[in-house]
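Here is what each chain is made of, one letter per residue.
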Amino acid sequence: VNPQVAAAQVTPKIEETQPVETSASVGLAGEGLRLFVGDGSQTRALDFGSEMAIAVDILTNVWGEPFFASAVLCEPRNQLFDIVQWPNGMMVGGIAGEFVGWRAQDNAKATTMYGLGIGTPIAELRDAAVAINFFEDNIGKGFYVGEGNGIEGRLSASADDVVVEYLQAGDHCVYH
């Protein structure tokens, strides 16, 4: 993976002279992902709509090799959805060569700018510096982070210690 080539091609927000370093970390955002370089004082946007291959190349440079990459037929759109998953619990999705969604689950350490991530207790959600809108549907209990910023989360079913099970933003796929 050549970080200078990958960084130069993601979006106009990433400069050619600023390669993505392996010391980068990734933050979760409603409009895509954020790369925090070095000590975190520099950030770079990896927005939805970026080229999927380049997004995967940059994320592989940060997270290592993915363990799963495949295209699946999505419902109800009936179109191919590219899925790439890493051992760190992160997944990204693409449609027609564009990066369109992410999901954090299992052991993912990435968090939102508000510090919300996998395992965050419900009490911290309620005390967050951003509005959390809770809901319940046929899948279970969930929430939206902020007003229309695009991050959705799901809560564990445990009555004793309810925590965030996963977070996601962008387009997603239901497949069989």
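Residues numbered from 1 in each chain as written. Predicted model: local features only at pLDDT ≥ 70, side-chain atom pairs only at ≥ 80, totals over all residues. Heavy atoms only, no water.

1. Section: the overall build of the protein
Note the following rule: Numbering of helices and strands runs from the N terminus; a helix is a DSSP stretch of H or I covering at least four residues, while a strand is a stretch of E covering at least two. Buried means the residue's accessible area, taken with a 1.4 Å probe over protein chains only, is under 20% of the maximum for its type, while exposed means over 50%, and partly exposed covers the values in between. Any two residues having at least one pair of non-hydrogen atoms within 4.5 Å are treated as being in contact.
Summing up its helical and strand segments, the protein has three helices and 11 strands in all. Residues classed as buried in the protein amount to 47% of the 176 residues present. A fraction of 44% describes how many contacts in the protein between residues 6 or more apart in sequence connect residues 24 or more apart.

2. A few points about the pattern of salt bridges
This is how it is decided: For this document, the term salt bridge refers to a Lys or Arg side-chain nitrogen within 4 Å of an Asp or Glu carboxyl oxygen.
This structure, assessed with the given rule, holds four salt bridges. The salt bridge partner of arginine 154 is aspartate 137, with a shortest N-O separation of 2.7 Å. Of this pair, arginine 154 sits in strand β10 (residues 151–155) while aspartate 137 sits in the loop between β8 (132–136) and β9 (141–145); the two residues are 17 residues apart in sequence, bridging distant segments of the chain. For the salt bridge of arginine 154 with glutamate 152, the shortest nitrogen-to-oxygen distance reads 3.4 Å. Salt bridges linked by common partners bring Glu31, Arg34 and Asp47 together as one network.

3. Side note on the packing of aromatic side chains
To be explicit about the condition: Classification of ring pairs rests on two measures: the distance between centres of Phe, Tyr or Trp rings, Trp counted by its six-membered ring, which must be within 6.5 Å, and the angle between planes, read as stacked under 30 degrees, edge-to-face over 60 and tilted in between. Whether a charge lies above a ring is judged from NZ of Lys or CZ of Arg, which has to be within 6 Å of the ring centre and within 35 degrees of the ring normal.
Under the defined criterion, the tally for this structure stands at four aromatic pairs. Sitting over the face of the ring of tyrosine 166, arginine 103 holds its NZ or CZ atom 3.6 Å from the ring centroid. Between arginine 126 and the ring centre of phenylalanine 134, over which it is positioned, the NZ or CZ distance is 5.7 Å.

4. Some thoughts on the sheet that holds strand β1 (residues 25–29)
This is how it is decided: Any two strands between which DSSP finds at least two bridges are classified as paired. Note on definitions: angles span 0 to 180 degrees between N-to-C directions of axes, and those axes are lines fitted to C-alpha atoms, for helices only across the stretch in contact.
The three strands are arranged β1-β2-β3 in an open sheet whose pairing can be described as antiparallel. A strand with exactly one partner marks an edge of an open sheet, and here the two such strands are β1 and β3 (42–47). Shown here is a sheet whose adjacent strand axes are inclined to one another by a mean of 30°, direction ignored. One ladder, built from six bridges, connects strand β2 (residues 32–37) with β3; its direction is antiparallel. Bridge assignment links leucine 33 to a residue of β3, and that residue is leucine 46.

5. Some thoughts on the confidence of the model for the protein
Let me state the cut-off plainly: Residue-level confidence of the predictor, termed pLDDT, takes values from 0 up to 100.
Here the protein shows a mean pLDDT of 82. Residues at 70 or above account for 82%. Here residues 1–21 is modelled with pLDDT under 50, and outside its nearest four sequence neighbours on either side it reaches 41 contacts, counting other chains as well.

6. Some remarks on the nonpolar core
To keep it simple, the criterion reads: Think of a nonpolar core as a cluster: buried Ala, Val, Leu, Ile, Met, Phe, Trp, Tyr and Cys residues, connected wherever their side-chain atoms sit within 4.5 Å.
One finds Leu33, Leu59, Met90, Val92 and Trp102 to be the most contacted residues of the largest nonpolar core, which totals 37 residues. Per-element tally for this core: the top contributor is helix α2 (residues 52–63), with eight residues. In this structure, Phe81, Met91, Ile95 and Cys173 belong to the second largest nonpolar core, which totals eight residues.

7. Details of unusual backbone geometry
Backbone geometry at alanine 96 places phi at a positive 50°, although glycine is not the residue there. Mapped onto the secondary structure, alanine 96 falls in the loop between β6 (90–95) and β7 (98–104).

8. Focus: the side chain of glutamate 152
Rules: What qualifies as a polar contact is a pair of N or O atoms within 3.5 Å, subject to a donor-acceptor requirement within protein and to the restriction that residues adjacent in sequence count only when both atoms come from side chains.
You can see glutamate 152 is positioned in strand β10. The exposure class assigned to glutamate 152 is buried, which follows from its relative accessible area of 16%. Of note is the side chain of glutamate 152, whose polar atom sits 3.4 Å from the side chain of arginine 154. Dropping the residues within four chain positions of it, glutamate 152 is found in contact with Phe135, Phe143, Tyr144, Tyr166, Leu167 and Gln168.

9. Details of the sheet that holds β9
Strand order in this open sheet of eight strands is β4-β5-β6-β7-β11-β10-β9-β8, and the pairing throughout is antiparallel. Where the open sheet ends on each side, the last strands, each with one partner, are β4 (68–74) and β8. Averaged over neighbouring strand pairs, the angle between their axes works out to 25° when direction is ignored. By the bridge criterion, six bridges tie β6 to β7 in an arrangement that is antiparallel. When the sheet's bridge partners are listed, methionine 91 is paired in β7 with arginine 103. Strand contacts of α2: β5 (79–85), β6 and β7, with the helix running at about 170° to β6, the strand carrying the most contacts.

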